[in-house]
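If you want the building blocks of each chain, they are given just below.
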Amino acid sequence: MEMQGSRRLAVTQQQAWEALNDPQVLKTCIPGCDKVEPTAENQYAIGMAVKVGPVAARFAGKIMLADVLPPNSYTIAFEGQGGAAGFGKGTAKVSLAPPAEGAGCELTYTAQAQVGGKIAQVGQRLVDGVARSMAEDFFRRFDEEMQRRYPDAYAAQAALPPEVAPAPSPRRPIPVWAWIAFGVGILLALWLLAR
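Note that the coordinates shown come from a computational prediction; the quantities given were computed from them, not determined experimentally.

Engineer: Could you give an account of the overall build of the protein, naming the residues involved and the relevant values?
Structural biologist: When its secondary structure is counted, the protein shows 6 helices and 7 strands. Tracing the protein from N to C terminus, the helices and strands come up as β-α-α-β-β-β-β-β-β-α-α-α-α. With 195 residues in all, the protein has 32% of them scored as buried. Accessible area for the protein stands at about 12400 Å²; split by element, carbon and sulfur atoms hold 60% of it.

Engineer: Would you mind going over the packing of helix α1 (residues 13-20) against helix α4 (residues 124-149) in detail, with residue names and values included?
Structural biologist: Between α1 and α4, the shortest axis-to-axis distance is 11 Å and the interhelical angle comes to 120 degrees. The angle between α1 and α4 places the two elements in the oblique class. For the pair α1 and α4, the crossing hand works out as right-handed. Here Gln15, Ala16, Ala19 and Leu20 of α1 come into contact with α4, specifically with Phe138, Phe142 and Met146. When its residues are assigned to classes, the contact of α1 with α4 shows 6 nonpolar, 1 polar and no charged.

Engineer: Can you explain the pattern of salt bridges? Please cite residues and give values.
Structural biologist: Evaluated as defined, the whole model comprises 9 salt bridges. With its nearest N and O atoms 3.5 Å apart, the salt bridge here joins Asp137 to Arg141. With a gap of 4 residues between them, Asp137 and Arg141 both fall in helix α4, about one helical turn apart. Accessibility expressed as a relative area gives 18% for Asp137, which makes it buried. Owing to a relative accessible area of 27%, Arg141 belongs among the partly exposed residues under this scheme. Several salt bridges share partner residues, and in doing so they unite Asp22, Glu145, Arg148 and Arg149 into one network.

Engineer: Can you explain the environment of Val36? Please cite residues and give values.
Structural biologist: Within the element layout of this structure, Val36 appears in strand β2 (residues 33-40). As a C-alpha pair, Val36 and Val25 span 11 residues in sequence and 9.3 Å in three-dimensional space. Residues within four places of Val36 in sequence aside, it is in contact with Pro23, Leu26, Lys27, Tyr44, Ala45 and Ile46.

Engineer: Describe the sheet that holds strand β5 (residues 73-81), with residues and values.
Structural biologist: Pairing is antiparallel in the open sheet, where 7 strands are placed in the order β1-β7-β6-β5-β4-β3-β2. This sheet does not close on itself; its edge strands, each paired only once, are β1 (2-9) and β2. Within the sheet, the average angular offset between the axes of one strand and its neighbour, ignoring direction, is 25 degrees. Relative to strand β7 (residues 105-116), β1 is paired through 8 bridges, and the arrangement is antiparallel. Residue pairing across strands places Arg8 opposite Glu106, the latter belonging to β7.

Engineer: Summarise the pairing of strand β4 (residues 55-69); cite the residues concerned and give the values.
Structural biologist: Note that strand β3 (residues 43-52) and β4 share 10 bridges and pair antiparallel. Following the sheet pairing, Gln43 is matched in β4 by Met64. Counted along the chain from β3 to the antiparallel partner β4, the turn is 2 residues long, and its residue Gly53 has a positive phi close to 60 degrees. Where β4 meets β5, 8 bridges bridge the pair, whose relative direction is antiparallel. By the bridge assignment, Leu69 is partnered in β5 with Ser73. Counted between consecutive antiparallel strands, the loop separating β4 from β5 contains 3 residues.

What counts as what
Residues numbered from 1 in each chain as written. Predicted model: local features only at pLDDT ≥ 70, side-chain atom pairs only at ≥ 80, totals over all residues. Heavy atoms only, no water. Helix = DSSP H or I, 4+ residues; strand = E, 2+ residues; numbered from the N terminus. Buried < 20%, exposed > 50% of the residue type's maximum accessible area, 1.4 Å probe, protein only. Areas by Shrake-Rupley, 256 points an atom, 1.4 Å probe, with all protein chains shown as cover. Axes fitted to C-alpha atoms, helices over the stretch in contact; angles between N-to-C directions. Parallel < 35°, antiparallel > 145°, perpendicular 65-115°, else oblique. Left-handed = near helix turned anticlockwise from the far one by under 90°. Contact = heavy atoms within 4.5 Å. Nonpolar A, V, L, I, M, F, W, Y, C, P; charged D, E, K, R; others polar. Salt bridge = Lys/Arg side-chain N within 4 Å of Asp/Glu carboxyl O. Pairing = 2+ DSSP bridges.

And the structure:
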């Protein structure tokens, strides 16, 4: 399965980078997670509970960071085992960049994952739905954690006037001569068909 998405954050790129590399923030934001512990440089042990349809399991696994370019991007490789429930593994490319305009930063991700075992047997659509829901839940929780840690950044963003979409251009009325030409064309076509 493949997923991608983006989220605008009110915090700076550096603040978002530091949070994405903080095991405590990750533990708070990953749905069902109860353990994120560093095991080596750019490696973490993770423990989490996952429920996909009728299959519920506790997964133990690891996360490894590669292609680390602070504070811009990294690639996360993850794998986990859930016993009889199956396994999950994959990669995610996470990027931070300044927004096109305004303050804060833009977080984007592209992820690819595979699951096997009983979890895969419940159906791809159900697995995809749960994975998308977990990703959205993670980014919602991450945004809430950033609001808690950096309330001034969010207050400043809220104080800005709302972005106004450009007004649609007024429709110009069709000139009378165009209606006449259209009518003459229809009459001419009918006359030719009648002959």
